[in-house]
Amino acid sequence: MLAKLSPAFLIWFAAFVSGDLARAQAQTSMGGMAPASAAKAANIPAAVVPGTQVEAALSADAPDESGLRYYARLGQSARVAAETKRLQRLYPNWRVPDDIYAPVANDGVDEEPMWDLYAADKVDELVSAIERRIAGEPGWQPSKDLVNKAQAKVLRRKIMAYWQDGQWRNLVELVKGANISSAEVDILWAIAEAHSKIKQTTETLEIYKTILNTNTKSDARIATIQKAMGTLRMAEVEQLVAMAKIGPDGKDEFAAISVDLTRARMSAFLHDEAAKEISGPELDEFKAYAEKDQDPNQPALAAWYHYKRREYREGLDWFKLALEHGGDAMVAHGLALTLQNLDMKREAEEVAYAWREPLVNNSILFIDILERDLTKPIPPYIEPQRLLRYGQVAMETTSGQGAQALAWYAYNSCQYEVAHEWFRRAVAWHPKEPTAYGYALVLRKLKKSKEYVEIINRYDGLYRKVIDLVFPDDLYHPPTPCETDLRQAAMAGMAGMYGATGMAGQAYMQVNPGMTLAGAQPYGQPNMQAQGAVQDPARMYAWGRVPLPGQNGNVQMQPNGVFGQQQTQQVVKLNRSEFPVSTSPENDLRYPSPGAAAANAGFAGMMAREPVPGPWPLVARRVPGIGPMPYERYGFTLLPGWQGQTAASNPPASAQIAPAGTLWAKEPPEQAPIDAQTGMPVAGSNGHGAGGYGVGAPQFMAPAAPMQGGRPNDSKTTFRRG
Amino acid sequence: MSPRAALLAVFMVVAPLTVAAQQAPATQTRPATAPRVVGPAAQQAPEKPLDPLQLDARAIPLGGALKNAALWQAYKARFVTEQGRVVDTANGMISHSEGQGYAMLIAVAANDRAGFEKIWGWTRANLMVRDDQLVAWRWEPNARPPVADMNNASDGDLLIAWALAEAADFWGEQAYKIAGRRIAVEVGRKLILLKTKFGSLLLPGVSGFAGEDRKDGPVVNLSYWVFPALSRLPLVAPDVDWAGLTQSGLDLIKIARFGPSGLPTEWLSAAGGDVRPADGFAKTFGYNTIRIPLYLAWAGIGEREHYQSFANAWSTRGISVVDAQTGRSTESLSEGGYSDLVALTLCVTNGKPFTGEFFATRANENYYPATLHLLSMIAANMRYGSCLRS
């Protein structure tokens, strides 16, 4: 039943959409089938299949002429002849009536009220009216025109209902296989959209092309392009745009929507879709429009377009304009990123801070922008207020990046107690290698030996830099500004010049009065005799002595002389109370966000006891992704890794090559920022885009101390030693 | 026929077509490359195409979706330590990023913010040791150092990022949103291979699975497509094409069917024109891939054919590890939590109501089936109320 109904309907529908109502009327009765059976098969009552069984119903014994009349109306003379022969065989006296080619009676007679309902789109009332009429006047039937048009209206209603409900697949199935080329344009738009929604965009494109090929109305043609921009990729839309007619004035008919087209091309470009290149005049036209339009999205689009093309200077004013027009936090984010790319970091920081709450991207950017300065080995002077608010944001958002940045800033400016506090938070939130290393440094500096021992043992086998504290290398490391002799620095007249005094309410980051803070300022006075450094005449900077080419041997600068030459493989004397020590493997530092802490009354309830309470092993094992441990140079080995790996990983996970096809692989080679004081690239820095973050403390070796020979397999980040 | 019926028939002439229309997609969209499903399961499949699934794919918030707090309480008492570590009891008491992510999700569903904070606090303090925003996947309590591998597992990353996004949404906590965004964006940056012939692909880890790492790379695991996460991560990272990843996952599930059972193997090579079982891995349908229907159902996505191989296999012989080449079960998965996956799948495909067993607390289950139990229940609460009411 269904299998038969579907094609029958579609044939009918094809006729309907082609506007050939006569054909539609004929085909309502299903083509070659006898009308009565066709009507039955189609579940259409015989009474309403025009001119079929009415006569038969009236004279049951007379020959049934309905088939004959039916074929006659279709003009199928061969079938008329065959049916005539058939009837003459059955009824030898029967003659072909004269009127079989005459128009059928009752076409539209007395249907005025019904046509009124039809015109008023009152389909339900129309059905009821016909129903009442059939019941009240036996033998009456609606005209074929009315039936066809009402059916068309029902179908149209069905299509639009599917369209409105988003029942795309049902809509597509409904019209599948039909010749829809002459349907009304809004129906075609609906069908095209339905195809696009179920990813049949080839069909969508074809329907739009059909419209442009057949429809001459300007409004409809332009609207078709607009619909296409909403449903197709721009590369496909361009095929339609190319079908434009050129008017007598030489103007492209789609010139009226050229701004819309440019906008769609820009949007496609921003989404990495293939799109037509936007010409200068085209862009200018769009900008002229965007400048006047009050919608902030228009200048914002111009702004992001330039941003993506890395035309930051061009983009800057457009971001500002978009904000003036009421642009949102995402526009502000674009502005902050643009400022950052123009090296206007101070301004970028302000914008990101102001817009941090409505959009987390800005909060992240705020933390990341200043992180770079904060983690410089000789950090620049930063106003206490800026540090204060940075700390506040870090606390509110439990930002590991923010905490470690402040921790390093404090550490590198000799504020150890404050550094300790920030490092504890950083290790709770962000226990990366540089963070754990910095925490160990400050613990050692503050002589918190219990915690220090815990850290170095916990990260044995994982973080080489932490273990370096137990097995220092034999290279020269310059003193940090904090390690220099302050008295000598003061005598040189430098101390206090930039000493911050702190501010009211500033509980942390209070600078030690008298300390030199500014990165542009000298180290103070290194101990020249002990460290063999060279100095500038003003004794403001210290540099390591550069070896002559071909000069052999390591500079032995370790004052305590713990290690001999590397070749001798002398085993380091370990303080057994320090290392190795059985240590709980768990990092138990926790600092919940203020919100979480306040809500901590929640129902954590009874929880499991730790099933592995120790004691824990003393010998580290291999961890895939981790390079060699410092003590391996003395012949110590590690246990095999969890899957049996016995050798150190080379390269380590931190030097992993970006797999081709990822966004990561497409990132430009990292542009290391230039250190303002030294003019040298800052090592260990990282991109600060949406996914980037500072490696932690990019504690590169100060240029004052060129490293002797470098280190094998060293990652890009080197660390300052404490 | 009464006049009324007659007229209705005229005007509703198009209505029956919708039934015909609904039958079409299943056959129409089946790719030509899909291996023919033969064997016992296929023979029992009904010959006439079944009705299409009527699923609701709208993104639904997770917060508060687990009504039965006692189940979560019992789970915590057995598997979550005071510190917030989730213990895999059948696997040397280790922990992994995936388990931490699951427990974070369940805590949000159970509206247990204190519990969530504990688990997230442990996770970041102990597993976020990589030099990026991703999570080291494996942690062993009796080793030095406890982190067993610096590699990540992208399903663990997705689960944790998703849990943070849900927690931020449910409790209005900016800190969770930022943390979730940092992880999600890093997944988008480092782990999604764009514009492959299968669309976007999800690398299981940063190291070891790409074309650079293996001859048959990229190698993928379909159970790493955590579909309900992909539909909710736009909360924190709308700039990543999660929908594209969903689509590739759906496409791959249709074509990754092997042997008589028509089930996918755990590890797939996407190096050639078609997917095939990856080299060097057991060619089995196992502990990982049994979660595919759970994730589909939890997201409310997929068509009948996405579920059918699983439903056929499980409804005839129960859930088990299957040798994809022979189609034979090699290990029956008897703990109750595994059966809950079956119950959820048959609810989706057949509308089969859950039995009392689905709701029961089970004291002896190990971490993994116990987790699957709670996850299935949350998914059922969120989208399959009709199977709960019976």
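The structure under discussion appears in the preceding block.
Fair warning: this is a prediction, and the values are worked out from it, not measured in the lab. All residue numbers here refer to positions counted from 1 along the written sequence of the relevant chain. Each chain is given a letter, starting from A, and each ligand a number, starting from 1, according to the order in which they appear as written. Per-residue local features are limited, in this predicted model, to residues with pLDDT of at least 70; the limit for side-chain atom pairs, both in listing and counting, is 80 or more; totals at the level of whole chains, interfaces and linings are taken over all residues.

*Asks:* Please clarify how the sheet that holds strand β11 (residues 329-332) of chain B should be interpreted in this entry.
*Replies:* Consider a sheet: its strands pair through backbone hydrogen bonds, and that pairing is either parallel or antiparallel. Residue and element names in this part refer to chain B. Paired strands, in this sense, are two strands between which DSSP finds at least two bridges. Numbering goes from the N terminus for both helices and strands, where a helix is a DSSP run of H or I of at least four residues and a strand is a run of E of at least two. Strand order in the open sheet formed by 3 strands is β9-β10-β11, with antiparallel pairing between adjacent strands. One side of each edge strand has no neighbouring strand; the edge strands of this open sheet are β9 (284-285) and β11. Across 3 bridges, the pairing between strand β10 (residues 320-323) and β11 is antiparallel. Paired with Val322 across the strands is Ser329, a residue of β11.

*Asks:* Before we go on, may I ask you to explain the nonpolar core in this structure?
*Replies:* Nonpolar side chains in soluble globular proteins generally cluster together in the buried interior. Any nonpolar core is a set of buried residues, restricted to Ala, Val, Leu, Ile, Met, Phe, Trp, Tyr and Cys, that join up through C-beta atoms within 7 Å. Exposure in this text rests on C-beta crowding, where 20 or more other C-beta atoms within 10 Å of a residue's own make it buried, 12 or fewer make it exposed, and counts in between make it partly exposed. The C-beta atoms are placed from the backbone. Counting residues in each nonpolar core, the largest one holds 214 residues, and the members touching the most others are Ala440 of chain A together with Ile106, Ala161 and Leu233 of chain B. Per element, the largest residue contribution to this core is 11 residues, and it comes from helix α15 (residues 367-383) of chain B. In this description, a residue-residue contact is defined by the distance between C-beta atoms placed from the backbone, which must lie within 7 Å. Beyond its immediate sequence surroundings of up to four residues, Leu233 of chain B is in contact with Ala161, Trp162, Ala165, Ala184, Val240 and Trp242 of chain B. Counting 32 residues, the second largest nonpolar core, distinct from the first, contains Ala183, Leu205, Ala228 and Val237 of chain A.

*Asks:* Help me understand the environment of Ala210 of chain B in this model?
*Replies:* Structurally, Ala210 of chain B is set in the loop between β5 (199-202) and β6 (219-220). In this structure, the C-alpha to C-alpha distance between Ala210 of chain B and Leu191 of chain B, residues 19 residues apart in sequence, is 9.5 Å. Discounting residues that sit within four places of it in the chain, Ala210 of chain B has contacts with Pro659 of chain A together with Leu203, Gly217 and Pro218 of chain B.

*Asks:* In this structure, what is going on with the sheet that holds strand β7 (residues 268-269) of chain B? I would like to understand it.
*Replies:* Residue and element names in this part refer to chain B. With respect to topology, 3 strands assemble into an open sheet ordered β6-β7-β8, the strand pairing being antiparallel. A single partner strand is all that each edge strand has here, and the edge strands are β6 and β8 (276-277). Here β6 pairs with β7 via 2 bridges, running antiparallel. Each residue of the ladder has a partner; that of Val220, found in β7, is Leu268.

*Asks:* Where do I start with unusual backbone geometry in this structure?
*Replies:* Keep in mind that most residues, glycine aside, have a negative phi and that most peptide bonds are trans. Of the consecutive residues Gly614 of chain A and Pro615 of chain A, the connecting peptide bond is found in the cis state with omega at 0°. Structurally, Pro615 of chain A can be placed in the loop between α30 (594-598) and α31 (663-666). Residue Pro218 of chain B is bonded to the preceding Gly217 of chain B through a cis peptide linkage, with omega at 0°. Mapped onto the elements of the fold, Pro218 of chain B is located in the loop between β5 and β6. Its identity is not glycine, yet Lys199 of chain A carries a phi of approximately 65°, on the positive side. As for its position among the elements, Lys199 of chain A is in the loop between α11 (185-197) and α12 (201-214). Classification of Lys199 of chain A by C-beta neighbours within 10 Å gives exposed; the count is 12. Here Asp272 of chain A, not a glycine, exhibits a phi torsion of approximately 60°, which is positive.

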